[in-house]
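Structural overview for review
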Amino acid sequence: MTTLMSRRAGALAVLCAMSLMIVLDSTIVAVAVPDIQRDLGFSDAGVSWVVNGYLIAFAGLLLLAGRLGDLVGAWRVFLAGLGLFTVASLLCGFAPTSGMLVAGRFVQGAGGALAAAVVIGMIVRLFPEPAAQARAMGIYSFTQAGGAAAGFVLGGMLTDALGWPVIFLINVPIGVAVYIAGRRLLPRETGLGLGRGLDVPGAVLITGGLSLGVYAIVRTDVLAGAAALLLSGGFLFRQRAARTPLIPLSILGRRWLLTANAAVILVFATGMGFQFMNALFVQRVMGYDALGTGLAFLPTPIVIGLVSLFVAPRLTGRLGPRPVLIGGLTLLFAGLLLLGRMPVSPSYLADMLPALIVMGLGVGVTVPSIIMLAMAGAAPADTGMVSGLSNTAQQAGGALGLSVLAAVAADRTAARSGLPEAAALHAGYTLAFLVAAGFVLTALLITALALRHAPAAPQPGLPSASEQPVHAPAAEQVRHSMAAEQPGLAPAAEPPGHAATAEQVRHGMAAEQPGLAPAVEPLDHAVAAESLGHASVADQSDLVADPEPVADESRGECVASGRCAAT
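Definitions and cut-offs
- Residues numbered from 1 in each chain as written.
- Predicted model: local features only at pLDDT ≥ 70, side-chain atom pairs only at ≥ 80, totals over all residues.
- Heavy atoms only, no water.
- Helix = DSSP H or I, 4+ residues; strand = E, 2+ residues; numbered from the N terminus.
- Buried < 20%, exposed > 50% of the residue type's maximum accessible area, 1.4 Å probe, protein only.
- Contact = heavy atoms within 4.5 Å.
- Areas by Shrake-Rupley, 256 points an atom, 1.4 Å probe, with all protein chains shown as cover.
- Phe/Tyr/Trp six-rings, centres within 6.5 Å; stacked < 30°, edge-to-face > 60°.
- pLDDT = per-residue confidence, 0-100.
- Expected span 1.5 Å × (residues − 1).
- Arc of directions from axis to C-beta.
- Axes fitted to C-alpha atoms, helices over the stretch in contact; angles between N-to-C directions.
- Parallel < 35°, antiparallel > 145°, perpendicular 65-115°, else oblique.
- Left-handed = near helix turned anticlockwise from the far one by under 90°.
- Salt bridge = Lys/Arg side-chain N within 4 Å of Asp/Glu carboxyl O.
- Bend = angle between axes of the 7 residues up to and from the residue.
- Polar contact = N/O pair within 3.5 Å; in protein donor to acceptor, adjacent residues only side chain to side chain.
- Patch = residues over 30% accessible without salt bridge, like charges linked within 9 Å, V, L, I, M, F, W, Y side chains within 5 Å.
- Core = buried A, V, L, I, M, F, W, Y, C linked by side-chain atoms within 4.5 Å.

**Things to note about the overall build of the protein chain**
- Helix and strand content of the protein chain: 21 helices and zero strands.
- The buried share of the protein chain, taken over its 567 residues, is 52%.
- Pairs at least 24 residues apart make up 80% of the contacts formed inside the protein chain by residues separated by at least 6 positions.
- As displayed, the protein chain offers around 23,500 Å² of accessible surface, 67% of which is attributable to carbon and sulfur atoms.

Okay, here's the thing in structure tokens:
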């Protein structure tokens, strides 16, 4: 078990390191944009493509990348994305022209999408137990917050000391080291096979639709938005008609999945909009420079990191993700109200710092819990797809939040043009904070009213939505199919049409994992928790020489609800 845990911890470190690179890149580049514009001769409109080019490629490919992870193995897609991101970073660092840099940023975004799309799904499979998964999600959120904190400060320091190319070149040695570690530590999942869902026309339609949708948001382009809707509608029609759909409509029709991701969009619209608006408020109203802005904002990511690492996992393991999410959203709402009431000449210590700390507390518990709820009920074979959908919702929410809140602030500032500049800007930014509070309140209502009972994940051995034909096979057909795919595993005899008993399922699992003896328990006990408890071992059979039996089967009732006590 010690060997298994150390390998799982190493794999988590690899996944978090890549996520850290992506977050660092986005924040550092934002700080370096003025220097890039000056050195490469970008126009005011053209320099936005240094950010938008990456964002469009990243968001457009997330869903496809997640599905590819299910089909060919998430570890292959992750390492391919990491390699592409690293090579593109090298190209960006040595880009001699503006056009070359923008092209490199598109490629960098594609690599980031391939890697990021499968990270959450891989974490869920590595740590299927609710308490362990909560801790892993806390560590993942900690790296995100740490990257944001370091990016604001490092961006200014590296750009001032060594020049903007260094912000891209620093990814190269880190990327090489993470790639080597990933080859050694990541579980080698086989995937379903390209023949089970490689729909090329569908892939083109959804990638084009998502890319145009993000472009329409960041550029406020109505025509592009209409084209995005048209392509997305074409994708849905194609999935209904395709023999091997890229994403089965049964998954897109899951009420829980769509509702949870609606909350994800609102949460990340709030988070990204808050970060952007607060940076502008500190610079343009309070008069801080770039480095001072990064230092002023530092308390929020520090609190986020500490809470997500030490507090959120314990609360989620004890209470479940939904109550923790409700508490986190309440804190976010309070923090935004505090920001919205700041005076025209605010004191950092008295007016802003308390709000930043409350925001950090709220984000620290909200992000891990909303991600866990968005992934609830996903079958192991579908986690890449569901993870890609969650990542797409995060990126779309961030772009939407930036666009809406920036427009709100600009309109209110223009309406107060008769006031001194600082007062007019203050009016715009504080209104944007209150609109963001409205986003949070909506997410809070969705969570309280529509996300009441999380769906349980399908039992291992049963087909997922992406594996099922139009008519689900009976239990007898499932067991015969499993026996055919796994020589030596004979279908257990039982009356036709009856569901497999707990004892038979455990014997089947023992046949799949030599040395794992089936435990004895009454036949009417649920086996979902035990199956989940072995999932990480089964998915990582090449990593563990001597699989061990799960020690505690009493957690069966709590896995589906997420209410297991923290261990």
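**Some details on the packing of aromatic side chains**
- Evaluated as defined, the whole model comprises five aromatic pairs.
- Centroid distance Tyr54 to Phe58: 5.6 Å. Interplanar angle 15 degrees. Geometry classified as stacked. One end of the pair, Tyr54, and the other, Phe58, are both in helix H2 (residues 49-72), four residues apart, so they sit about a helical turn from each other. This pair shows no difference in class: Tyr54 is buried, exactly as Phe58 is.

**Side note on the confidence of the model for the protein chain**
- For the protein chain, mean pLDDT is 77; residues scoring 70 or higher make up 78% of the total.
- By mean pLDDT, helix H20 (residues 528-539) is the weakest element of the protein chain at 37, and helix H14 (residues 321-340) is the strongest at 95.
- Note on residues 466-567: pLDDT is under 50 here. Beyond four places in sequence and across chains, it has 144 contacts.

**Details of the environment of Leu338**
- The topology assignment puts Leu338 in helix H14.
- Under the relative-accessibility criterion, Leu338 is labelled partly exposed at 29%.
- The sequence separation of Leu338 and Met352 amounts to 14 residues, and the corresponding C-alpha distance is 8.1 Å.
- Sequence-distant contacts of Leu338, defined by excluding residues within four places in its chain, comprise Ala355 and Val358.

**Here we look at helix H9 (residues 222-241)**
- Between its first and last C-alpha atoms H9 spans 29 Å; for 20 residues at 1.5 Å apiece the expected length is 28 Å, and the two agree.
- If you check which residues of H9 are buried, you get Ala224, Gly225, Ala228, Phe235 and Gln239. What you see down the axis of H9 is that its buried residues fit within an arc of 100 degrees, all on one side. In H9, the exposed positions angled more than 90 degrees off the buried face are occupied by Val222, Leu223, Leu229, Leu230, Phe237, Arg240 and Ala241.
- Here the buried face of H9 lies against helix H8 (200-219) and helix H10 (249-252).

**Observations regarding the packing of helix H13 (residues 299-319) against helix H15 (residues 348-375)**
- Remark: H13 packs on H15, axes separated minimally by 8 Å, with the N-to-C direction vectors making an angle of 40 degrees. Of the possible angle classes, the one that applies to H13 and H15 is oblique. The handedness of the crossing between H13 and H15 is right-handed. Residues Pro299, Thr300, Val303, Ile304, Val307, Ser308, Ala312 and Thr316 of H13 form the contact with H15, whose own contacting residues are Tyr348, Leu353, Leu356, Ile357, Gly360, Leu361, Val363, Gly364, Val365, Pro368 and Met372.

**Examining the pattern of salt bridges**
- Within this structure, the stated rule accounts for seven salt bridges.
- With a closest N to O distance of 3.8 Å, Arg67 and Asp70 form a salt bridge. Here the residue Arg67 and the residue Asp70 both occupy positions in helix H2, the gap between them amounting to three residues, near one helical turn. Asp70 shares its class with Arg67; the two are buried.
- In the salt-bridge network here, residues are joined through shared partners; they are Asp35, Arg38 and Asp39.

**Here we look at helix H4 (residues 98-126)**
- The terminal C-alpha atoms of H4 lie 41 Å apart, and with 29 residues this matches the ideal 42 Å at 1.5 Å per residue to within 8%.
- In H4, a bend of some 35 degrees at Val119 exceeds every other bend along the element.
- The buried count for H4 comes to 22 of 29 residues, which makes it a mostly enclosed element.

**As for the packing of helix H11 (residues 255-285) against helix H16 (residues 383-415)**
- Two numbers describe how H11 lies on H16: the axes approach to 6 Å, and their chain directions differ by 45 degrees. Regarding the angle of H11 to H16, the classification is oblique. Handedness of the H11/H16 crossing: right-handed.

**Remarks on the environment of Phe281**
- With respect to the helices, strands and loops of the structure, Phe281 is situated in helix H11.
- For Phe281, the residues in contact, after removing those within four places along its chain, are Met286, Met342, Pro346, Met352, His426, Tyr429, Thr430 and Phe433.

**Some words on the side chain of Asn391**
- Relative to the elements of secondary structure, Asn391 occurs in helix H16.
- Within the structure, the side chain of Asn391 is placed 3.3 Å from the backbone oxygen of Ala116, a separation counted as a polar contact.
- When near neighbours in sequence (up to four residues on either side) are disregarded, Asn391 contacts Leu62, Ala116, Ala117 and Ile120.

**A few points about a nonpolar patch on the surface**
- Taken together, the side chains of Ile302, Leu306, Phe310, Val311, Leu315 and Leu319 define a hydrophobic patch exposed on the protein surface, amounting to about 510 Å² of accessible area.
- Looking at the secondary structure, you find Leu315 in helix H13.

**A few points about the nonpolar core**
- Ranked by size, the top nonpolar core spans 105 residues in total, and within it Phe78, Ile123 and Leu186 carry the most contacts.
- If you look at the next biggest cluster of nonpolar residues, it comprises 18 residues, including Val29, Val47, Cys92 and Val102.

**Concerning the side chain of Arg8**
- Position of Arg8 relative to the elements: it lies in helix H1 (residues 2-40).
- Among the polar contacts listed, one links the side chain of Arg8 to the backbone oxygen of Leu126, at a separation of 2.7 Å.

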